Amino acid sequence: MNSSISNSDSNAAPGGPGEWRRFARWFFGGGLGLGGFIALWIIIVDPFDTLFFSPPLDRVPIATNARFSFPALARSNKFDSAIIGTSTGRLLRPEMLDRLFAARFVNLAMNSATAYEQYRILELFARQHPSAKTLVMGIDVVWCETGATFEKYTPRPFPEWMYDSNAFNDVLHHYNLYTIEQAGRQFATMTGMRRLKYGRDGYTSFLPDAAGYDLAKVQKSFVTVRGNEAQRPKTPPGFDPATLNFPTHFMLRDGLKALPGAAKKIIFFAPYHVAQHPVAGTLKAAEWAECKARVTAIAGQVPNAITLDFMINSPFTTTDSNYWDVLHYTLAAADALMGDLALGANGGSSENFTVPKPPPAPDSDQQ
């Protein structure tokens, strides 16, 4: 009897070469199929609304990190005006500003945004809106930091590829776990299974429920902050503010000049509670005063720009009930602030702000 096993029998045997080949085909074929399905899913859903070849679905800003959600809004032709800033500008409602300025606003202010990040979103908005109508831009501590360098980013990821003018490189950054997760969120939001993270105009209130507001607790925090401000270093003898370097100011100048000359540009110093204002005689007070003067000078070199200073002792900043903390005002106070912004932009006056005058432009032979 021939006891040898044929090649065909050997291939068919469990664990034989033929079985391994079939497994490999199924394994790699299935992997490629799944990968292709996921890629097609991402392209169709397009969670960040940045792919120029994706179908025209009704997408909304969904990423928790606004740095991923807002570039699409900055590009949108639904708007002709923008709000730029940090969380101190997030409570400005486009709906109200639309009425006050006869415009179509989008709120592009981002929590803890660095000066660089604000510059990048402003630059993107300006590039996509050559006929932009109005800019409302809040200036706070990140624009007045001194030193030789500045922080470009926060610990939050910042997708540079979303902010450039190359529409093709967006594709390379979409195939990852984060984008897959956000595609799921976008799909769930579009189908009504998930609530909107931001409004379609970028606005959302991040404040706690007003029912939990505790004025006594808020006031107690003001006392602590004021005490800390009083402990700051004093201005040294012979200190010359002209020697200060504000490394972010070139971005403010370039960002404002990127907008059309006819656009109205309202630059406002954020209305921090008076407890947060630098104490007279401290180095911080001298730095802020010089920063304000230089920002005002920059605005003075840009057509149709005006600077409004709300970071003063005023009925607004001294009314404790206007605030949740030293930086963030209430919704009612936000409405009052917007009214004052429109008032100041149209040449009016209020106890809540001053209109600092820019220094005269240098003679042409001195430039």
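For the structure given in this document, a descriptive report is provided here. (Residues numbered from 1 in each chain as written. Predicted model: local features only at pLDDT ≥ 70, side-chain atom pairs only at ≥ 80, totals over all residues. Heavy atoms only, no water.)

1. A closer look at the sheet that holds strand 4 (residues 264-269)
Taken together, five strands build an open sheet; the order of strands is 2-1-3-4-5 and the sheet is parallel. Each end of this open sheet is capped by a strand with a single partner; those strands are strand 2 (105-107) and strand 5 (305-309). For this sheet the average axis-to-axis angle between neighbouring strands, irrespective of direction, equals 15°. With four bridges joining them, strand 1 (residues 81-84) and strand 3 (residues 134-139) adopt parallel strand pairing. The partner of Ser81 across the bridge, within strand 3, is Thr134. Across the sheet, helix 4 (residues 94-101) lies against strand 1, strand 2, strand 3 and strand 4, angled at about 150° from strand 2, the strand it touches most. (Pairing = 2+ DSSP bridges. Helix = DSSP H or I, 4+ residues; strand = E, 2+ residues; numbered from the N terminus. Axes fitted to C-alpha atoms, helices over the stretch in contact; angles between N-to-C directions. Contact = heavy atoms within 4.5 Å.)

2. Some remarks on the pairing of strand 3
One face of the sheet, then the other: side chains in a regular strand alternate in exactly this way. Counted residue by residue, strand 3 has six buried out of six residues, so it is predominantly covered. Of the two faces of strand 3, the one lined by Thr134, Val136 and Gly138 and the one lined by Leu135, Met137 and Ile139 are each fully buried. As defined by bridge partners, strand 3 adjoins strand 4 across six bridges and the pair is classed as parallel. If you follow Gly138 over to strand 4, its bridge partner there is Phe268. (Buried < 20%, exposed > 50% of the residue type's maximum accessible area, 1.4 Å probe, protein only.)

3. Considering the state of the cysteines
Summed over the entire model, instances satisfying the criterion amount to one disulfide. Across the disulfide from Cys144 sits Cys291; the S-S distance is 1.9 Å. Measuring the twist about the S-S bond at about -75°, one finds the Cys144-Cys291 disulfide to be left-handed. Highlighted residues: Cys144 in the loop between strand 3 and helix 6 (177-190) and Cys291 in helix 9 (residues 283-300), separated in sequence by 147 residues. Exposure class is identical for Cys144 and Cys291. Each is buried. (Disulfide = S-S within 2.5 Å.)

4. Digging into the pattern of salt bridges
All told, the structure shown has 14 salt bridges when counted by the stated rule. One salt bridge connects Arg200 with Asp58, and the closest N-O pair in it is separated by 2.9 Å. Of the two residues, Arg200 sits in the loop between helix 6 and helix 7 (215-230) while Asp58 sits in the loop between helix 2 (17-45) and helix 3 (66-75), which places them 142 residues apart along the sequence. In this structure, Glu181 engages Arg185 in a salt bridge whose closest nitrogen and oxygen atoms are separated by 3.3 Å. (Salt bridge = Lys/Arg side-chain N within 4 Å of Asp/Glu carboxyl O.)

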